[in-house]
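The primary structure of each chain is shown beneath.
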Amino acid sequence: MNSPSIATLELQVNGTRHRVAVAPEEPLLWVLREDLGHTGVKFGCGVAACGACTVHLDGQAVRSCALPVAAAVGHQILTIEGLAAAQGGSGKALLHPLQRAWIAHQVPQCGYCQSGMLMAAAALLAHTPKPNDEQIDGAITNICRCGTYPRVRKAIHAVAAGAFA
Amino acid sequence: MKRRTLLIGSAVATAGGLALGYVGMAAMGSGRGLPASAAAPGEAILAGWVKIGEDDSVTVYLPHADMGQGVGTALAMMLAEELDADWPRVRTEPAPGDARFANRFLARGWVLQNRQIPALFDGVIDTTFGTIAGFIKLQITGGSTAVRFTGQSGMRITGALARMMLVDAAAQRWGVPAGELSTAASRVLHAASGRSLRYGELAAEAARLPLPSQPRFKRPGDYRLIGTSVPRLDIPAKVGGSAQYGIDVRLPEMRYAAVLATPRHGGRLVAVDPAPALAMAGVERVVSLPDAVAVIATRYTTARRALAALRPRFEGGDESLSSERLFAGQRAALESEGKSRVAIGNVVQASVDGRQRVDAHYQVPFLHHAAMEPMNATAQQAEGRFSYWGGTQNLLWARSELAKLAGLPLEQVTMHPMPLGGSFGRHGLPEMSNHIPQIVRLAAEASPHPVKMIWSREEDFAQGAYRPALSSRVQAVLDADGRPLSWEQRYIDTAGRNEAFEIPYAIANQSIEAVDHPHPIRTGAWRSVSHTQHGFYTETFIDELAHAARQDPVEYRRALLPAGSRLARVLDEAARRSGWRSAPPAGRARGIALVESFGTAVAHVLELSLSDEGVPRVHRITSAVDCGRVIHPDTARQQVEGAILMGLSAALGEQITVQGGAVQQRNFGDYPILRMAQVPPELDIHFLASEGPLGGLGEPGVPPVAPALGNALFALTGLRIRALPVLPQLAASASARRLAKATTS
């Protein structure tokens, strides 16, 4: 059996440049979690089915468990840990409007899928500021076993209506 | 000694502060009843579950796992209410997995209420009053017990006692009678002199006082926290990505493990050639377990890749076992007499007297918990100590099991409980804990390094501990007016004690029997346990009887329920709120079902239509819930929302199937969990004003969903749903599609 060759890759994560020595085909998820400590990005299925691992690549929602890390080189990667700062602020005072809506609507239960939910919702609103229910259905295909979907929908609509601007 | 004193414990002073020590353990002679790590200088442990700092911070120790149910906030509220604590200064921490945090209030709740003890705990508790077998192992989350037992019997008492001690300390300092003092927002007040003292200033003195023998509780009218929806304490970390679960544990020099167990349940590993894995850079060991093979490597992805390169040979299990064979076997087994569970009146005579017989056979499939956090565990065995990081619903059992398997004394095993990314029962029972022996062996192999084992999602599906696949046959005889004279039922029994077979309806002649039909597939508790299947049997069959009698399903049920009972109340409330008496919009129909479980009664009315392709669209679910006083209205609603959607997901499309003795489903692609687009637009949930005993909330919303769905489908199409899930049946049913066209055109 051949071991994969290791390459030194440069990644831009939440505005910070990192160099990692990994196999280029290794899923981005595990590099973010184990090498860079972004454990807010979650492993759920490994086959891009559940969305727990959703991050942004140049503003697009992607499922990092099925994306080779080499494919992320040269792109801006945004994880849940960087979502607040991406609003132009820093620290806990300035959360993303979706994060504030999530707190106001008390969305999470176990919370495990919520990083992915928030990243999927943030990408949706970036492209479709006022989504209707069908557009939410189409964009939020993440799985939540706790059943937070109704609150996710309400929180997205609340942000779209400007309640957390 | 008074029992209450024994249960609560005594005061212990610590350097720089006061500690109301944990437990009657001090009194029972085990030395200081205070977990050594719990109180730092300047802090005081009050009555075991609360710690007050000199800075007025109040820390509530939670003896239950956080697996999403928001229980931490509700329990902290119950304690803070009686303590009169300043809520913004209240925080929670998981109680260490330590015998001194054993949850005697769980046991006490059962003993004193002398009612429905969740079967989840069979084996650790002897129900005879006073003798609690394995008392020390009670630090369990499950059976919807947290608020109604730990909260009612533990948190409120602890908060009330701590408040009384703080008041006594202030009374001594000021030389005034305690009766002149009041408390508010973490201060003791003396209205006559205008003086006040912060709890932090009094904690050390309070710790030196004797523990009051009788807690004085607030009147419900004086509640300031209970009944309000304060924001959950755990949510900010969960929206920022900083919440840490077991899978997120990172330790210096940590190794990673991937594992593959025999796909055929009950099988064993015969041989594996480790060479292909060991040839890979970063692979440290290939470990042969009795029924599995594992790879330890410096990276998780390396371990996964190396595991995939192995060709383990497994034997054993039952290769001939399939879901079809299992259900056929159950159907045959139901022809034989079982163990009598209910025998009332004379069902044979009723058969002679009756005018109409109704006879139905039901079956439900294996279900997977499919928590979003895949099964994982982290452990380190080094220098004679064993440390464990992970989520569990049964912390003290896990600790004692780890000690036993590692061959170490209990004191050498340290638990680091982590929040669970969902569980729904998966981490509940010992026989479901198939990851525990694996991590003990892997920790020994990786020693002195810590090792984190993560199951792939495919392994998580293949090695589940499923809600069992089960069947039941029910027969009834109706009199000339359509009233049931008899109810005869046989059901396939489950491994643990079944607590759900009783029917709530007043029928004079009943015979209910349990039939054993063992198989090697690993099964266990799934959200609402036996109520999932029995709710479906009972509430579908009573609906069948109503239709056979040509009567309205709501009126038919009401005539058979005790007037004023929780079930009768939720039946009427759900019917009223759903507009049951008015016709549904064209092309839609409604179904109702109601189940009382874990002390809470829930009725759902489900309104649906069918697409041209025969796919149901659920438009609205109206729920009425009677759980006694609601502690935290918003988390209560969250739990019912989640229970409804999990129940709907399962009833629509979920099933684990077995072929060749192995589970066929591999990942979410072939196990369709409800997604956003399928969620009913309206979840209309109503909690009844109620002052009765507190009921649980994590589970009771699940059982009525499947029968309400089936009953609505029958009302719409005439197709009776006697097996779950419904989607494959509807897809296969040409008549359902024709009926759908007929009703929508």
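Residues numbered from 1 in each chain as written. Chains lettered and ligands numbered in written order. Predicted model: local features only at pLDDT ≥ 70, side-chain atom pairs only at ≥ 80, totals over all residues. Heavy atoms only, no water.

Residue and element names in this part refer to chain B. Applying the stated criterion to the full structure yields twelve aromatic pairs over all chains. Judged by centre distance (5.9 Å) and plane angle (75°), the rings of Tyr362 and Phe536 are edge-to-face. One end of the pair, Tyr362, is in strand β16 (residues 356–364); the other, Phe536, is in helix α14 (residues 531–548), with 174 residues separating them in the sequence. Accessibility assignment for this pair places Tyr362 and Phe536 in one class, buried. (Phe/Tyr/Trp six-rings, centres within 6.5 Å; stacked < 30°, edge-to-face > 60°. Helix = DSSP H or I, 4+ residues; strand = E, 2+ residues; numbered from the N terminus. Buried < 20%, exposed > 50% of the residue type's maximum accessible area, 1.4 Å probe, protein only.)

Before going further, it helps to spend a moment on the domain arrangement of chain B. It is common to give the size of an interface as the accessible area that goes away when the parts come together. All names here are of chain B. Segmenting chain B into domains produces domain 1 (3–226), domain 2 (246–317 + 375–454) and domain 3 (334–354 + 466–736). Measuring from the centre of the C-alpha atoms in domain 2 to the corresponding centre in domain 3 gives 38 Å. Listed by partner, the interface residues are eleven residues for domain 2 and 14 residues for domain 3. Taking both sides of the interface into account, the surface hidden between domain 2 and domain 3 amounts to around 970 Å²; carbon and sulfur atoms contribute 57%. Taken as a group, His265, Phe424 and Met432 account for 58% of the area that domain 2 buries against domain 3, more than any other trio of residues on that side. Taken together, the connections running from domain 2 to domain 3 amount to zero salt bridges. The tally of links between domain 2 and domain 3 comes to four residue pairs in polar contact (both at pLDDT 80 or more). (Domains from an automatic or database assignment. Contact = heavy atoms within 4.5 Å. Buried area = accessible area lost by both parts, 1.4 Å probe. Salt bridge = Lys/Arg side-chain N within 4 Å of Asp/Glu carboxyl O. Polar contact = N/O pair within 3.5 Å; in protein donor to acceptor, adjacent residues only side chain to side chain.)

This part covers the domain arrangement of chain A. Residues and elements named next belong to chain A. With domains assigned, chain A is organised as domain 1 (7–83) and domain 2 (85–160). On a C-alpha basis, the centres of domain 1 and domain 2 stand 20 Å from each other. Both sides of the domain 1 and domain 2 interface together cover about 1500 Å² of buried area, and 60% of this is carbon and sulfur. Per-residue buried area on domain 1 facing domain 2 is highest for Lys42, Ile80 and Leu83; these three make up 37% of the total on that side. In this structure, the connection of domain 1 to domain 2 is made through zero salt bridges. Here domain 1 and domain 2 share seven residue pairs in polar contact (both at pLDDT 80 or more) between them. Elements supplying a minimum of two residues to the side of domain 1 that touches domain 2: β3 (54–57), β4 (60–63) and α2 (80–83).

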